[in-house]
Amino acid sequence: VGITIRPGRTTTIKIGDHVPGEDVVAAQIVRRRQQVSAIALSSDKENQGTELVLPQTELSPKIMLAGLPNAGSTVLSLFNPHDETVLVKARGIRANGSFDIQGLEEIAVKPYSTVRVAVPTKAKLGGHAIELFADKPIAATATVHTAKDVAMIGRAEELVRPSAVPVSIAGQNVQLTL
């Protein structure tokens, strides 16, 4: 879909209108000139909330998804922007080390597609992390469903200089995962 954005303006696109019948998609933003920024708001069908999804500005063959909750089910969404199939391996990381997640040792992601795979509950991540290894750079998120919430987790960036994470406590239990 080609879109022109006038200077100083915001344009909102309902992605589902352009890909009817698709369960999961990735939006690839290509800037022709000037500057542009993008975010996505993902609303679940159960009306349990809307999640802000930030773009992954650099695709990578190694992605860390950190801060997974202790409870609930986790689904990985993997995007392959290449013209050939990419193979992805998922490893769990816990306090006592890393391990292959059974059934997710070789996930095939077809060219120019996004695939969703459920993380088996027997993986017992214990609220830690999943590390993805691909044979070419990809983008990935994890969607976690609990009894009361749906959360999206994006790639954890390596902090190479002083960084800040602004949060509003306002009576909420905010967890910072390092």
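What you are looking at is a predicted structure, and each value in this text was computed from that prediction instead of being measured.

Undergrad: Please explain the side chain of E131 as it appears in this structure.
TA: Tracing the backbone shows E131 in strand 9 (residues 129–145). Apart from the residues lying within four places of it in its own chain, the contact partners of E131 are K62, I63, M64, K89, A90, R91 and I93.

Undergrad: What am I meant to see in the confidence of the model for the protein here?
TA: Parts of the prediction with low pLDDT should not have their coordinates interpreted in detail. Summary statistics for the protein give a mean pLDDT of 78 and a share of 60% for residues scoring 70 or more. The lowest-confidence element of the protein is strand 1 (residues 40–43), averaging 60 in pLDDT; the highest-confidence one is strand 7 (residues 107–109), averaging 97.

Undergrad: When you look at the nonpolar core in this model, what are you seeing that I'm missing?
TA: Side chains that are nonpolar tend, in soluble globular proteins, to be buried together. L76, L78, V88, I101, I130 and L132 are the most contacted members of the largest nonpolar core, which has 25 residues in total. Looking at this core, the elements with two or more residues in it are strand 3 (60–66), strand 4 (73–80), strand 5 (86–94), strand 7, strand 8 (113–119) and strand 9. Take this core: its biggest share by element is 7 residues, from strand 9. Contact partners of I130, with chain neighbours within four places excluded, come to I63, M64, L65, L68, L76, A90, R91, I101, V119 and L125.

Undergrad: Would you take a moment to explain the pattern of salt bridges for this structure?
TA: Two side chains of opposite charge can pair, provided their charged atoms sit close to one another. Counting across every chain of the model gives 4 salt bridges. Here E131 and K62 are joined by a salt bridge, their closest N and O atoms 3.5 Å apart. Of this pair, E131 sits in strand 9 while K62 sits in strand 3, and the two are 69 residues apart along the sequence. Since its relative accessible area comes to 49%, K62 is described here as partly exposed. One salt bridge connects E84 with K136, and the closest N-O pair in it is separated by 3.7 Å. With E84 in the loop between strand 4 and strand 5 and K136 in strand 9, the pair connects residues that are 52 residues apart, well separated along the chain. The exposure class of E84 is partly exposed, given its relative accessible area of 40%.

What counts, and at which threshold
In this numbering scheme, every chain counts its residues from 1 along its sequence in written order. Local features in this predicted model are restricted to residues whose pLDDT is 70 or higher, and side-chain atom pairs enter the listing and the counts only when it is 80 or higher, whereas totals over whole chains, interfaces and linings include all residues. The basis for every side-chain value is the complete set of heavy atoms in the structure, and neither hydrogens nor water enter the calculation. Numbering of helices and strands runs from the N terminus, with a helix taken as a DSSP run of H or I at least four residues long and a strand as a DSSP run of E at least two residues long. Any two residues having at least one pair of non-hydrogen atoms within 4.5 Å are treated as being in contact. Confidence of the predictor at the level of single residues is captured by pLDDT, which takes values from 0 to 100. The nonpolar core is taken to be a set of buried Ala, Val, Leu, Ile, Met, Phe, Trp, Tyr and Cys residues, with the residues joined through side-chain atoms within 4.5 Å. Think of it in three bands: with a 1.4 Å probe and only protein chains considered, a residue is buried below 20% of the maximum accessible area for its type, exposed above 50%, and partly exposed in between. For this analysis, a salt bridge means a side-chain nitrogen from Lys or Arg found within 4 Å of a carboxyl oxygen belonging to Asp or Glu.

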